[in-house]
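# Residue-level structure breakdown
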Amino acid sequence: MKTLTMRIIISFFVLGLIFLWASDVPQNTATSNNHQYAIDGIHKKLSLGCKECHRELKQEDYSSAMKETCLTCHENYEKLKERTGHLGHNNNVHASPHFTNIDCDICHKSHKPSQNLCLQCHGQQTMKQLIVK
Amino acid sequence: MLDEQRRKAMKQFALFGSSIMLFPTLDVQAKMLEKDVPVWDEEFDAIVVGSGYAGTAAMLSMMNKGLKNVLMIDKMQYMGGNSSISGGSYAMSRTSIQKEHGIQDDPEQHIKDTLKSGHNLNNPEMVRIMAYEGLEAFNWLVNNGVQWKLFSRSGGHSAPRNHSVGVGSFITMPLQEHIMKQGGQQRTRVIMDELVYDDKGRVIGMKVREKYEFKFDRSFDENENKTGITKYYRANAGVVLATGGWAGDPKVRELFNPALKPEMPTTNHYGATGYTIQKLIKDDIDMVDMQYIQIMHVTSADENSFGFGFRAITSGYSYGMMFNPKTGRRFVNEIADRRICSDAIFAMNEKGKNHPLLLMDINGAKTVEIDALQRGIEAGAVYQFETLDEMIQKFNVNKEPFLDELKKYNSYVLTGKDPEFGRTFFKNNDKYITIEKPPYFVMRPGPKIHHCMGGVRTTVDCEVYSTSGKLVEGLYACGEVTGGRHGYNRLGSNSVVDCIVFGRRAGFAVAERYKSLLRRA
């Protein structure tokens, strides 16, 4: 009982510290700070700004649901299939038999680490090794 | 400075503490009523929630009956839900394919198998509808461009009657195309947050969030996801719930069956959370059989999810022998249903430290499509050996009893009788398949959480009951979110039948209601 009480007190203390820390972090906005919404790779080289991808009028409406803008440069899934065709039938992630026109942002993320959705089921070594940009 | 920070911390503590005190009252929310809707953003004749087998079947069926201004929504960033990654197998007797294979079978036998596995907890009328009306639904799928590729027998079925398209998306995609061609709207990233009721308790629409960003993290509680923009959709003739199961939600499935621990693997896609079912329970929607959540044994212990091994494993159960490497002996009828086999595996696998081995020879392996077998090998779920000794060495098999068991097994296959476990054997291309000819193929089955048998209680026309025993007008449900069809345990390939048959019935029921509302107006 005593240890349980101690545990509760300690967890409250830790939570308090987290709150304290969180309140001291400066509140960044997309326009004022490029650290929080940093862009890597080719998109950075092309000096893309927020509005290139986010077409919403107001900044607070920005979302990653923007396949249409991705496809203004990346064209369509037929082209994407070709681009990754060299990966072969089992690993051509853009030629999935499961989905048509799946949203890009499930795997490709500009502001946080990207991931490979196919890995939820397809665990072959060659699939695991794919690098998602 | 330090003091100031401490004071600040104390203040935040107090705030945090009081918010915890408030939490229980925040949790209890009443149903959302028409008067709570600030403004209807859009108006439809009907809305289908979910885009898997059941949702697409419901949507296309109501459109076939004349409804035009209809909308299908899915919270995910893709269409098809869990169906898009499922095996896409449809159990049905009397099909032209079954006849071509010369199989003697009938709906009564299908009903018997289904009720047996369901321990007679199934609603018998619903099972009857599936077994009989399923043929018409099967042919309807064919007419809508669905092509069946594989024909087999799966666990618990007394005859070969499983028709597979390869993967479930080959059913949902053609249906989606027809929906689009006919002008039906389909939207992804729209999550239903609340049903909206009028003052007579009828469902008249819903509160949703558009541009929803689903988080692909099983440990994340979907109730915490606040992304998206709130909108209100009016649905004049009805709402169809086809939101699927919650076997992929560690917290919610454990609520209903505490034996299902959060760390247990699942075959389900990430979207199979308990978000909707929790809302429905809060809305006093009646549920049945919630404690029955299926664990499926055709997946591999060498893969974390549905994986690639299942095709070889499925064939292995039909044309191979499963044994415990420690004892060298068989321990179950390999072609029994998912529940019996999963329980038998859990009883011997020492919590995942001693996986069973499922062995086929080259003739057994030939019943697996070559690309599926190769993918299984590449994923590390199928092992190939030139000699039995290689296998014995690799898995430390108890050699003498194993060789004795194999001899017995082969004699059972040839006589067609298994006195130990009562297994029946079927011919493939007019031949019984023994295990004699190298190379040998071995899989290690590892059961995973797969399907929710329980769910929303409905009529045979998919009308939804509330806990008061009355029907909720304007609300329909079909597919895995419903209960009553499968009882204690669902047979493999019966889910797609359930989804398509009752999906169509839900679509027809909404169309009927639409017509009767028009007549009244």
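Conventions used here
Residues numbered from 1 in each chain as written. Chains lettered and ligands numbered in written order. Predicted model: local features only at pLDDT ≥ 70, side-chain atom pairs only at ≥ 80, totals over all residues. Helix = DSSP H or I, 4+ residues; strand = E, 2+ residues; numbered from the N terminus. Buried ≥ 20, exposed ≤ 12 C-beta atoms within 10 Å, placed from the backbone. Contact = placed C-beta atoms within 7 Å. Pairing = 2+ DSSP bridges. Axes fitted to C-alpha atoms, helices over the stretch in contact; angles between N-to-C directions. Core = buried A, V, L, I, M, F, W, Y, C linked by C-beta atoms within 7 Å. Domains from an automatic or database assignment. Nonpolar A, V, L, I, M, F, W, Y, C, P; charged D, E, K, R; others polar.

### Thoughts on the overall build of chain A
Scanning chain A from terminus to terminus reveals 6 helices and 0 strands. Mapped in sequence order, the helices and strands of chain A form the string α-α-α-α-α-α. The buried share of chain A, taken over its 133 residues, is 11%. Pairs at least 24 residues apart make up 37% of the contacts formed inside chain A by residues separated by at least 6 positions.

### Topic: the overall build of chain B
Helix and strand content of chain B: 15 helices and 20 strands. A principal-axis box enclosing the C-alpha atoms of chain B has dimensions of 75 × 75 × 40 Å. With 521 residues in all, chain B has 52% of them scored as buried.

### Focus on the sheet that holds strand β5 (residues 150–152) of chain B
Residue and element names in this part refer to chain B. If you walk across this open sheet you meet the 3 strands as β4-β6-β5, and the pairing is antiparallel. Where the open sheet ends on each side, the last strands, each with one partner, are β4 (89–91) and β5. When the angles between neighbouring strand axes are averaged without regard to direction, this sheet yields 25°. With 3 bridges connecting them, β5 and strand β6 (residues 162–164) associate as antiparallel partners. By the bridge assignment for β6, Leu150 is matched with Ser164.

### Focus on the nonpolar core
All names here are of chain B. Grouped together as the largest cluster of nonpolar side chains are 142 residues, with contacts concentrated most on Ala46, Ile47, Val240, Tyr476 and Cys478. Looking at this core element by element, the count peaks at 11 residues for helix α15 (residues 494–520). Residues from two domains meet in this core; each of domain 1 (29–297 + 450–521) and domain 2 (302–446) gives at least three.

### Points about the interface of chain B and chain A
Across the boundary between the two partners, chain B contributes 31 residues, which contact 24 residues of chain A. The biggest single contributor to the side of chain B that touches chain A is helix α1 (residues 2–27) of chain B, with 6 residues. The residue makeup of the side of chain B that touches chain A, split by class, is 13 nonpolar, 11 polar and 7 charged.

### Thoughts on the sheet that holds strand β15 (residues 382–385) of chain B
Residues and elements named next belong to chain B. Spatially, 4 strands are ordered β13-β14-β16-β15 in an open sheet, and the strand pairing comes out antiparallel. The sheet is open, and its two borders are formed by β13 (321–323) and β15, each paired with just one other strand. Taking the axes of each pair of neighbouring strands and ignoring which way they run, one obtains an average angle of 25° across the sheet. Taken together, the 3 bridges between β13 and strand β14 (residues 357–360) define a ladder with antiparallel strand orientation. Bridge pairing links Met322 to Leu358 in β14.

### Points about the environment of Met443 of chain B
Residues and elements named next belong to chain B. One can find Met443 in strand β16 (residues 440–443). Given 31 C-beta atoms within 10 Å, Met443 falls into the buried group. Separated by 226 residues in sequence, Met443 and Asp217 have C-alpha atoms that sit 29 Å apart.

### So, the environment of His163 of chain B
Residues and elements named next belong to chain B. Within the secondary structure, His163 sits in strand β6. The exposure class assigned to His163 is buried, which follows from the 24 C-beta atoms found within 10 Å. Once the C-alpha coordinates of His163 and Glu136 are considered, the two residues, 27 residues apart in sequence, prove to be 14 Å apart. If we ignore the near neighbours within four places in the chain, the residues touching His163 are Ser89, Tyr90, Met92, Thr95, Ile97, Trp148 and Phe151.

### Notes on the domain arrangement of chain B
The parts lose accessible area when they come together, and the size of an interface is often stated as this lost area. All names here are of chain B. In terms of domains, chain B is made up of domain 1 (29–297 + 450–521) and domain 2 (302–446). If you average the C-alpha positions of domain 1 and of domain 2, the two centres end up 34 Å apart. With 3 residues, the single largest contributor to the side of domain 1 that touches domain 2 is strand β12 (residues 293–296). Considered class by class, the residues forming the side of domain 1 that touches domain 2 number 6 nonpolar, 10 polar and 1 charged.

### Structural notes on helix α10 (residues 338–348) of chain B
For α10 of chain B, the set of buried residues is Arg338, Arg339, Cys341, Ser342, Ala344 and Ile345 of chain B. Downstream of α10 of chain B by one or two residues, Glu350 of chain B has phi in the positive range, about 50°.

### Comments concerning the pairing of strand β17 (residues 448–452) of chain B
All names here are of chain B. Within β17, 5 of the 5 residues are buried, which leaves the element mostly enclosed by the surrounding structure. Bridge count between β12 and β17: 4 bridges; the pairing is antiparallel. Counted as the bridge partner of Gln294 is His451 from β17.

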